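Structure at a glance
Chain residues, written in single-letter form:
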Amino acid sequence: LVPLNAMRPILLKGHERPITMVAFNREGDLLFTTARDSKPTVWSASTGERIGTYNGHTGAVLSFDVTDDSKLLLTAGADNSARLFDVETGKCLAVWATKSPVRCVRFAPSQREAVIVSSALMKQACTIAFVDIPTPAAALAAASPTPVEGAVTRVLEAGPVTITKLLFYPTGALLLTGDNDGVLKKWDVASGAVLDAVPLHKRAIHDIQFAPSARQFVTASPDMTAKLIDVDYLKVLKTYALDRPLNAAAVSPILDHVVVGGGQEAKDVTTTGDRAGKFESIFMHAVYEEEIGKVKGHFGPINTLAFAPDGRTFASGGEEGFVRLHKFDEDYFTRNYN
């Protein structure tokens with residue numbers, strides 16, 4: 001196993017509740033984080049310095065997405081709203097009110113449209129709402145200092161299950177969703193039809209992330225597996241079986257590595273230490289499906305993981321409310337993993 005613990009992480013302390021998502025922007029110079037507090041945060045990815053927070057939500061923020069040009073941030077709130085922020089100024093530009101908590105959001109590849117997924121809660125079905133994105137200049141120039149009320153162009157019904165993660169295919173013509181029943185679905189954006197549905201995991205799908213080529217993606221589930229999936233046919237290419245519930249998985253952009261994380265269920269965490277709770281980030285060989293190293297540090301389950309675009313850094317967010325920013329040593333890149 002690779003002794004990855006020689007890395008000295010930067011500990012980011014800015015959230016008061018469990019971390020729900022971490023992600024780098026396309027350039028890799030910014031790290032965005034959300035938590036079960038109400039303040040999405042942006043950090044310098046090189047120094048770990050907190051740059052600012054985005055204010056407006058009144059409850060947990062469950063996920064987010066950032067435009068490719070790093071100008072707009074879209075957030076998913078458990079306060080029954082999605083919000084659009086200007087990344088640089090922190091100004092809230094638009095708000096979409098929903099009838100149940102917003103579970104996930106995603107910009108379309110065009111960046112001019114987005115989807116907002118509401119949970120199947122409070123007698124509401126899970127829905128996928130398509131919304132138009134106002135340009136920052138137009139919204140900022142509005143006479144009112146308050147955010148504009150976002151418009152919904154159409155809504156797809158997803159039924160009694162809750163979609164937990166969603167991705168657009170690179171063309172924008174297809175959607176990929178994972179739900180709390182462990183089912184993976186491919187949707188046609190134009191017609192709203194479900195083209196394929198695969199019972200992938202025995203428990204909920206907690207994460208879906210594309211591999212760099214976007215020809216495959218990786219999933220993670222508390223059923224103790226992560227899976228590498230073919231984009232076109234939703235065929236399982238590799239299965240990474242672990243000895244703990246998994247909440248997150250990410251594919252390295254430069255090596256044949258998949259990092260996964262999770263740990264003992266959050267409700268049981270008080271009964272154990274970090275070693276017994278299995279709160280490490282585990283590095284798996286993407287091809288051979290074998291563990292090649294681990295990184296310790298969190299004191300609760302790992303909820304979210306992300307590689308920087310250059311593959312030289314990764315971030316992890318935990319149930320204890322800390323984000324850890326890890327820069328790989330040179331030995332990580334020169335070692336023979338075969």
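Now for a quick tour of the structure.

Some words on the pairing of strand β6 (residues 61–66)
In terms of burial, β6 is a largely internal element, six of the six residues being buried. As defined by bridge partners, β6 adjoins strand β7 (residues 72–77) across five bridges and the pair is classed as antiparallel. The partner of V61 across the bridge, within β7, is G77.

With respect to the environment of H57
Assignment of secondary structure puts H57 in the loop between β5 (50–53) and β6. On a C-alpha basis, the gap between H57 and L237 in space is 39 Å, while along the polypeptide they are 180 residues apart. The residues touching H57, leaving out its near neighbours within four places in the chain, are S38, T75, A76, G77, D79, S81, R83 and F85. At 2.6 Å, the side chain of H57 forms a polar contact with the side chain of T75. At a separation of 3.1 Å, a polar atom in the side chain of H57 contacts the side chain of D79.

With respect to the environment of V236
Relative to the assigned elements, V236 resides in strand β22 (residues 236–241). Taking the C-alpha atoms as reference points, V236 and V218, separated by 18 residues in sequence, lie 9.6 Å from one another. In contact with V236, not counting residues within four places along its chain, are L200, K227, L228 and I229.

Thoughts on the side chain of N303
Among the secondary structure elements, N303 is positioned in strand β27 (residues 302–307). Reaching out from N303, the side chain makes a polar contact with the backbone oxygen of I19 at a distance of 3.0 Å. A polar contact of 2.9 Å, which involves the side chain of N303, links it to the side chain of E319. Setting aside residues up to four positions removed in sequence, N303 forms contacts with P18, I19, T20, N247, A248, G317, G318 and E319.

Description of the sheet that holds strand β14 (residues 152–159)
Ordered in space as β10-β11-β12-β14, the four strands form an open sheet in which the pairing is antiparallel. A strand with exactly one partner marks an edge of an open sheet, and here the two such strands are β10 (102–107) and β14. With direction set aside, neighbouring strand axes in the sheet form an average angle of 20°.

Considerations on the sheet that holds strand β20 (residues 216–221)
Hydrogen bonds between backbone atoms are what pair the strands of a sheet, whose relative direction is either parallel or antiparallel. Spatially, four strands are ordered β19-β20-β21-β22 in an open sheet, and the strand pairing comes out antiparallel. At either end of the open sheet lies a strand with only one pairing partner, and these are β19 (207–210) and β22. This sheet shows a mean twist of 15° between the axes of neighbouring strands, independent of strand direction.

A word on the nonpolar core
One finds I128, F130, I163 and L175 to be the most contacted residues of the largest nonpolar core, which totals 16 residues. Looking at this core, the elements with two or more residues in it are β11 (113–118), β12 (126–132), β14 and β15 (163–168).

Definitions and cut-offs
Throughout this description, residue numbers start from 1 for each chain and increase along the sequence as written. In keeping with the predicted nature of the model, local features appear solely for residues at pLDDT of at least 70, side-chain atom pairs appear and are counted solely at 80 or more, and the whole-chain, interface and lining totals rest on all residues. Hydrogens are left out, water is left out, and the side-chain values use all remaining heavy atoms of the structure. To sort residues, take the accessible area from a 1.4 Å probe on protein chains only and compare it with the maximum for the residue type: under 20% means buried, over 50% means exposed, and anything in between is partly exposed. Segments assigned H or I by DSSP are reported as helices when at least four residues long, segments assigned E as strands when at least two residues long, and all are numbered from the N terminus. Here, a strand pair is defined by DSSP locating no fewer than two bridges between the strands. Working rule for contacts: check all heavy atoms of both residues, and any pair within 4.5 Å makes them a contact. Whenever a nitrogen or oxygen atom comes within 3.5 Å of another N or O atom, the pair is scored as a polar contact, on the condition that within protein one atom can donate a hydrogen and the other can accept it, and that pairs from neighbouring residues in sequence are kept only if both atoms are in side chains. Note on definitions: angles span 0 to 180 degrees between N-to-C directions of axes, and those axes are lines fitted to C-alpha atoms, for helices only across the stretch in contact. Take the buried residues of types Ala, Val, Leu, Ile, Met, Phe, Trp, Tyr and Cys, join any two whose side-chain atoms come within 4.5 Å, and each joined set is a nonpolar core.

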